[in-house]
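# Reading the structure
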Amino acid sequence: MQDFNNKVAVITGGGSGLGRELALCCAARGMKLVLGDVDEAGMQETLRLVEETHPGTEGITMRLDVSRLEQVQELAALSKSRFGAAHLIFNNAGVSVNGPIWQSTEHDWDWVLGVNLYGVVWGIKAFTPMLIEQNEGHIINTASAAGWLNGPSSGIYNVSKTSVVAISETLALDLRDAQANVGVTVLCPAFFPTGIHQSDRNRPADKADTVEKSEVSLKRAAALKYAVEHGRIPAADIAEMTLKAVEKDQFYVFPHRKIKQLIKLRAEAADREKGVFDSMNP
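Now for a quick tour of the structure. (Residues numbered from 1 in each chain as written. Predicted model: local features only at pLDDT ≥ 70, side-chain atom pairs only at ≥ 80, totals over all residues. Heavy atoms only, no water.)

### Topic: the pattern of salt bridges
Between side chains of opposite charge, a pair can form as their charged atoms come close. Here is the rule we go by: We define a salt bridge as a contact between a side-chain nitrogen of Lys or Arg and a carboxyl oxygen of Asp or Glu at a distance within 4 Å. Segments assigned H or I by DSSP are reported as helices when at least four residues long, segments assigned E as strands when at least two residues long, and all are numbered from the N terminus. Remark: exposure states derive from per-residue accessible area (1.4 Å probe, protein chains only) relative to the maximum for the residue type, with buried under 20%, exposed over 50%, and partly exposed in between.
Summed over the entire model, instances satisfying the criterion amount to 8 salt bridges. Across the pair R29 and E240 runs a salt bridge whose closest N-O atoms are separated by 2.7 Å. One end of the pair, R29, is in the loop between α1 (17-28) and β2 (32-37); the other, E240, is in helix α7 (residues 235-247), and 211 residues separate them in sequence. Judged by its relative accessible area of 17%, R29 falls in the buried class. For E240, a relative accessible area of 25% translates into the label partly exposed. Here R68 and E70 are joined by a salt bridge, their closest N and O atoms 2.6 Å apart.

### Here's the deal with the sheet that holds strand β6 (residues 183-187)
Strand pairing in a sheet is mediated by backbone hydrogen bonds. Such pairs are either parallel or antiparallel. Our working rule: For two strands to be treated as a pair, DSSP must find no fewer than two bridges joining them. Contact criterion: two residues are considered in contact whenever any of their non-hydrogen atoms come within 4.5 Å of each other. The axes are straight lines fitted to the C-alpha atoms, using for helices just the contacting stretch, and the angles between their N-to-C directions are given from 0 to 180°.
Across the sheet, 7 strands lie side by side as β3-β2-β1-β4-β5-β6-β7; this open sheet has parallel pairing. Edge positions in the sheet fall to β3 (59-63) and β7 (252-253), since each has one partner strand and no second. In the packing of helix α3 (residues 69-83) onto the sheet, contacts are made with β1 (8-12), β2 and β3, and the angle to β3 comes to roughly 160°. Along the sheet, α7 contacts β4 (88-91), β5 (138-142), β6 and β7; its crossing angle with β4, the most-contacted strand, is approximately 135°.

### Looking at the packing of α3 against helix α4 (residues 106-134)
Worth spelling out the cut-off: Roughly parallel means an angle under 35 degrees; roughly antiparallel, over 145; roughly perpendicular, 65 to 115; everything else is oblique. Two helices crossing with the near one rotated counterclockwise from the far one by less than a right angle form a left-handed crossing, whereas a clockwise rotation gives a right-handed crossing. Asp, Glu, Lys and Arg are counted as charged, while Ala, Val, Leu, Ile, Met, Phe, Trp, Tyr, Cys and Pro are counted as nonpolar; the rest, among them Gly, fall into the polar class.
Packing of α3 against α4 leaves a shortest axis separation of 8 Å and a crossing angle of 30°. Classed by the angle they form, the pair α3 and α4 counts as roughly parallel. Taken as a pair, α3 and α4 cross one another with a handedness that is right-handed. Mapping the contact onto sequence places L69, V72, Q73, L75, A76 and K80 in α3 and W122, G123, K125, A126, F127 and M130 in α4. Its residues assigned to classes, the contact of α3 with α4 comprises 8 nonpolar, 2 polar and 2 charged.

### Quick word on the packing of aromatic side chains
Defined as follows: By convention, a stacked pair of Phe, Tyr or Trp rings (six-membered ring in the case of Trp) has centres within 6.5 Å and planes under 30 degrees apart, an edge-to-face pair has planes over 60 apart, and any other such pair is tilted.
Taken as a whole and judged by the stated rule, the model has 5 aromatic pairs. A centroid spacing of 4.6 Å and a plane angle of 85° characterise the contact between F251 and Y252, whose relative ring orientation is edge-to-face. Judged by relative accessible area, Y252 falls into the partly exposed class, the value being 32%. Through a chain of ring-to-ring contacts, three or more aromatic side chains come together here, namely W148, F251, Y252 and F254.

### Describing the side chain of T12
Test applied: Any pair of nitrogen or oxygen atoms within 3.5 Å is treated as a polar contact; in protein, a donor-acceptor pairing is required on top of that, and neighbouring residues in sequence qualify only through side-chain atoms on both sides.
Examined against the element boundaries, T12 turns out to sit in strand β1. A distance of 2.8 Å separates the side chain of T12 from the backbone nitrogen of N92, its partner in a polar contact. Setting aside anything within four residues of it in sequence, one finds T12 in contact with G36, L64, V66, L75, F90, N91, N92 and A93.

### Things to note about α4
This is how the line gets drawn: In this analysis, the expected span of each helix is defined as 1.5 Å times one less than the number of residues it contains. Given a residue, its bend is the angle between the two axes fitted to the seven residues that end at it and to the seven that start from it.
The first and last C-alpha atoms of α4 sit 40 Å apart over 29 residues, in line with the 42 Å expected at 1.5 Å per residue. G114 marks the point of greatest bend in α4, at about 40°. A positive phi of about 65° marks N135, the residue just after α4.

### So, the packing of α1 against α7
As a packed pair, α1 and α7 sit with axes 8 Å apart at the nearest point and diverge in direction by 55°. What the angle tells us is that α1 and α7 run oblique. Relative to α7, α1 is oriented so that their crossing is right-handed. Between α1, through L18, E21, L22, C25 and C26, and α7, the contact on the second element is made entirely by A235, A236, I238, A239, E240, T242 and L243. In terms of residue class, the contact of α1 with α7 is made up of 9 nonpolar, 1 polar and 2 charged.

So this is what it looks like as structure tokens:
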């Protein structure tokens, strides 16, 4: 079991949702916090809650667009200059769009992949050399059950999260080849209460959604909203599960037990050479 007291946690998407709960869990373990998000007010609220529940926790924030490598590199430099190190790297920022995949626009692809995929890629690129040099650290990538099970109307999101699973597996192998004392964990939750269905609140103006939503898109968006808001596992519990997994150097984290069963059904469908639409009806 690792001891994280007085270590440094870097959390992207730290202004709300899971990122905020991860910050609280890290503070409870005596860690210092480096938060990055486009939501500056949200990050300040996170720090306020941290101070309220864990007085004396040291924390800094930076307005961060994770799709920009130079900004993620600035976050790494900030962590190094302020605290001298970074130990837990939570590549957590995430957004989503909804609708049939052929209706997705260039802006949809640029925005979602920029945050969900390149946010992880740049987090790995900016921080891994520091962790290797320190000879300690752990990288935690927030993927999703959508990294394994690809539902309708979430095509870009599915692509991004499947990629995060693949990147995480490759990263763990690359670090093993390098004989680096750096761990990797990939978090794969299903629906739970966050603001993911309200992603548009942080969508940049130059990637605005200008396409009128179809009836199918609106129905799927309503279903997503319901599923997220009625998720049975609170974000706080998922954050705590994640930290406990990191403490045990656990690679995969599936907070929702049913997901592994569905992955098994998908594998069985592949073995029978059936389509994905048959995987739930063996």
